[in-house]
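If you want the building blocks of each chain, they are given just below.
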Amino acid sequence: MARRKKIYEGKAKTLYEGPEPGTIVQYFKDDATAFNAEKHATIEGKGVLNNMLSEYFMRGLTNLGIPNHFIRRLNMREQLVRACEIVPLEVIVRNYAAGSMAKRLGIEEGMQLPRPVVEYCLKDDKLGDPLVTEEHIAAFGWASQQDMDDILSLALRVNDFLSGVMYGVGIKLVDFKIEIGRVYDGDYQRLIVADEISPDSCRLWDMETGQKLDKDVFRRDLGSLTDAYTEVATRLGVMPKANVPPSKPTLIN
């Protein structure tokens, strides 16, 4: 079988040309990075877990009528997605103060915010994905005002969905990041949720203990990242419960 043409390779995923026009195969890697890739490791099974979890969340969005790029999962590491033009912004929704927000504003980590706060960062690894305002976005033409209205609406709808799902399994959705893509149907443009939704792109804390179940485990050397992601997958029913949870899931690629 001929190797597919690689379109792009990022820190956590590789994109290949899809089998049909307008599609892309998204391959989830085992690489874990933090601090703008200054910290890096390969963690066995991470890509499989993120593929399965992202499928779960994207299917949930589809069921609620929230447009996204997911078409179907192809295997343990790959999913078929709709090709789209990525808006050059990271869209961050925060329900609790944590990470860079807590540090930047001198707020105690874990403080519940009075309402969800939506922030935007320019997608540029060389610049460290700097925080930008809507004024910057408008001035440099990264998105129109109508785009920003639609992006805000999508982000808050995703937040409602993820918050409810996580609450149901005893997990607090602290914050998350999504990317938005443009798709065109003739002259008509639509915005959709793209990239992935997984513990790589969310902060997830156990509601009882405060245990971190996301990439902060890797950032802060808090234990096994695979165990944390497996715990999330198990609670959501993405992976079956075991009597003795393994340190790593036994996975066949």
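Please read these numbers as outputs of a predicted model, since none were measured by experiment. (Residues numbered from 1 in each chain as written. Predicted model: local features only at pLDDT ≥ 70, side-chain atom pairs only at ≥ 80, totals over all residues. Heavy atoms only, no water.)

1. With respect to the overall build of the chain
Our working rule: Each helix is a run of H or I in the DSSP string that is no shorter than four residues. Each strand is a run of E no shorter than two, and both are numbered from the N terminus. The globule rule is 2.2 Å times the number of residues to the power 0.38, and the radius of gyration it is compared with is taken over C-alpha atoms. Summary of the burial criterion: residues with accessible area below 20% of their type's maximum are buried, those above 50% are exposed, and those between are partly exposed, where the area comes from a 1.4 Å probe applied to protein chains only. Contacts are assigned to residue pairs that have any heavy atoms within 4.5 Å of one another. Throughout, the Shrake-Rupley method with a 1.4 Å probe supplies accessible areas, and for residues the shown protein chains are the sole cover considered. Only four residue types enter the charge count, namely Lys and Arg as positive and Asp and Glu as negative; His and the chain termini do not. Just so you know, the charge point we use is NZ for Lys, CZ for Arg, CG for Asp and CD for Glu.
Within the chain one finds 6 helices and 14 strands. Taken over the C-alpha trace, the chain has a radius of gyration of 18 Å; the compact-globule value for 253 residues is 18 Å, and the two agree within 12%. Each principal axis of the C-alpha atoms in the chain carries an extent, and together these give about 55 × 55 × 35 Å. The buried share of the chain, taken over its 253 residues, is 49%. In the chain, the proportion of contacts linking residues at least 24 apart, taken out of those at least 6 apart, comes to 57%. When the accessible surface of the chain is split by element, carbon and sulfur atoms take 51% of a total near 12900 Å². Side-chain charges in the chain split into 33 positive and 37 negative, and the spacing between the mean points of these groups amounts to 3 Å.

2. What about unusual backbone geometry?
Most of the time, phi is negative for any residue but glycine, and the peptide bond is trans. In this structure, aspartate 195 takes a positive phi of about 65° despite not being glycine. Of note, aspartate 195 is situated in the loop between β13 (188-194) and β14 (202-206). The phi torsion at aspartate 221 lies on the positive side, around 55°, for a residue other than glycine. Tracing the backbone through its elements, the reader meets aspartate 221 in the loop between α5 (216-219) and α6 (225-235).

3. Comments concerning the side chain of glutamine 79
Assignment of secondary structure puts glutamine 79 in strand β7 (residues 78-82). Apart from residues lying up to four places away in sequence, glutamine 79 is in contact with Ile24, Val25, Gln26, Phe28, Asn51, Ser54, Glu55, His69, Phe70, Arg72, Arg73 and Leu74.

4. Some thoughts on the sheet that holds strand β1 (residues 6-9)
Selection criterion: Any two strands with at least two DSSP-identified bridges between them are counted as paired. Angles shown run from 0 to 180 degrees and are taken between the N-to-C directions of axes, each axis being a line fitted to C-alpha atoms and, for helices, limited to the stretch in contact.
Reading across the sheet, the 5 strands line up as β1-β2-β3-β7-β6 and stay open at both edges, with antiparallel pairing between neighbours. Each end of this open sheet is capped by a strand with a single partner; those strands are β1 and β6 (70-73). Neighbour to neighbour, the strand axes of the sheet diverge by 25° on average, direction disregarded. As judged from the 5 bridges shared by strand β3 (residues 23-28) and β7, these two strands associate in the antiparallel manner. Across the sheet, residue tyrosine 27 finds its bridge partner in β7, namely glutamate 78. The sheet contacts of helix α1 (residues 46-63) involve β3, β6 and β7, and relative to β6 the element is tilted by about 135°.

5. Structural notes on the packing of aromatic side chains
What counts, and what does not: Put simply, two rings from Phe, Tyr or Trp (the six-membered ring, in Trp's case) pair if the centres are within 6.5 Å, and we call them stacked under 30 degrees between planes, edge-to-face over 60, tilted for the rest. Working rule: Lys NZ or Arg CZ, within 6 Å of ring centre, within 35 degrees of ring normal, means a charge sits over the ring.
Evaluated as defined, the whole model comprises 2 aromatic pairs. Relative to tryptophan 142, the ring of phenylalanine 140 has its centre 5.1 Å away and its plane inclined at 25°; by these criteria the two rings are stacked. Note on phenylalanine 140: relative accessible area 57%, which makes it exposed. Among the residues examined, tryptophan 142 registers a relative accessible area of 19% and is labelled buried. One cation-aromatic arrangement involves lysine 39 over phenylalanine 218; the distance from NZ or CZ to the ring centre is 4.7 Å. Over the ring of tyrosine 96 we find lysine 172; its NZ or CZ atom is 4.7 Å from the centre of that ring.

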